[in-house]
Amino acid sequence: MDKLKRVLSGRDAQEPSGLAEVIDATSLGWGTRVKGFIACFALGCLFSLLGSCLLWVPKKGLLLFAVFYTLGNIASIGSTLFLMGPMKQLKRMFDPTRLIATVVMLV
């Protein structure tokens, strides 16, 4: 039925590719993007703060700090994916002007 509607409306009669269907199905509205950004950023800040507080735990403090601080950074960086989208974020991260900072941060 969808194919018939496309033909009658003058749109291309070819079936959309699987990638186009995935992109259409996964697009988020602006409100959902902002909510996802706020949730991930808050979680990232919480994990980073928790990691800093756990640094003072005897014996396992350094390990707990490393784990929670890393999770906090990943969540904070992931929060920007909601605003820009993953491909645009990756393109901007690997721009020549930001390449060194990206590599240092990832290492």
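The name recorded for the protein in an unreviewed UniProt entry is Vesicle transport protein, from Eolophus roseicapilla. Within the UniProt record for the protein, the comment given under Subcellular location (unreviewed entry) is "Membrane". Quoted verbatim from the Sequence similarities (unreviewed entry) heading of the UniProt record, the comment on the protein is "Belongs to the SFT2 family."

Visitor: Quick question: what am I supposed to make of unusual backbone geometry here?
Guide: The bulk of non-glycine residues show a negative phi, and the bulk of peptide bonds are trans. Although it is not a glycine, Lys59 adopts a positive phi angle of roughly 70°. With respect to the helices and strands, Lys59 occurs in the loop between α3 (30-54) and α4 (61-84).

Visitor: Hey, could you run me through the environment of Ala75 in this one?
Guide: Take Ala75: it is sitting in helix α4. Looking at Ala75, the relative accessible area reads 13%, which means it is buried. Along the sequence, Ala75 and Leu43 sit 32 residues apart, while their C-alpha atoms lie 6.7 Å from each other. Apart from the residues within four sequence positions on either side, Ala75 is in contact with Cys40 and Gly44.

Visitor: What's the story with the packing of aromatic side chains in this structure? I'm lost.
Guide: For any pair of aromatic rings, the description rests on two quantities: the centre-to-centre distance and the angle between the ring planes. In the structure shown here, the tally under the stated rule is 3 aromatic pairs. Plain terms: the ring middles of Phe37 and Phe41 are 5.8 Å apart, the flat faces sit at 15° to each other, and that makes the pair stacked. Here Phe41 and Phe37 lie together in helix α3, a separation of 4 residues that amounts to about one turn. Taking the relative accessible area as the measure of exposure, Phe41 reaches 39% and is therefore partly exposed. Judged by centre distance (5.2 Å) and plane angle (25°), the ring pair of Phe65 and Tyr69 falls under stacked. Of this pair, Phe65 and Tyr69 both sit in helix α4, 4 residues apart, which is roughly one turn of the helix.

Visitor: What's the story with the UniProt feature "transmembrane region" (unreviewed entry) in the protein in this structure? I'm lost.
Guide: The residues that UniProt annotates with the feature "transmembrane region" (unreviewed entry) are residues 36-57 and 63-84. The span residues 36-57 is 86% helical and 0% strand by assignment, and the distance between its end C-alpha atoms comes to 32 Å. Secondary structure across residues 63-84 comprises 100% helix and 0% strand; the distance between its end C-alpha atoms is 32 Å.

Visitor: What is the right way to look at α4 in this model?
Guide: Spacing of three or four residues puts side chains on the same side of an α-helix, whose turn is 3.6 residues. Counted at 1.5 Å a residue, the expected span for α4 with its 24 residues is 34 Å, and the 35 Å between its end C-alpha atoms agrees. Here α4 has its buried residues at Gly61, Phe68, Gly72, Ala75, Gly78 and Ser79. Taken together, the buried residues of α4 touch α3. Where α4 terminates, the next one or two residues include Gly85, which has phi positive at roughly 95°.

Visitor: Where do I start with the environment of Gly85 in this structure?
Guide: With respect to the secondary-structure elements, Gly85 resides in the loop between α4 and α5 (86-93). By relative accessible area, Gly85 is classed as buried at 9%. Taking the C-alpha atoms as reference points, Gly85 and Arg33, 52 residues apart in sequence, are found 9.3 Å from one another. When near neighbours in sequence (up to four residues on either side) are disregarded, Gly85 contacts Arg33 and Thr80.

Calculation rules
- Residues numbered from 1 in each chain as written.
- Predicted model: local features only at pLDDT ≥ 70, side-chain atom pairs only at ≥ 80, totals over all residues.
- Heavy atoms only, no water.
- UniProt positions renumbered as here; feature names shortened; annotations may be inferred.
- Helix = DSSP H or I, 4+ residues; strand = E, 2+ residues; numbered from the N terminus.
- Buried < 20%, exposed > 50% of the residue type's maximum accessible area, 1.4 Å probe, protein only.
- Contact = heavy atoms within 4.5 Å.
- Phe/Tyr/Trp six-rings, centres within 6.5 Å; stacked < 30°, edge-to-face > 60°.
- Expected span 1.5 Å × (residues − 1).

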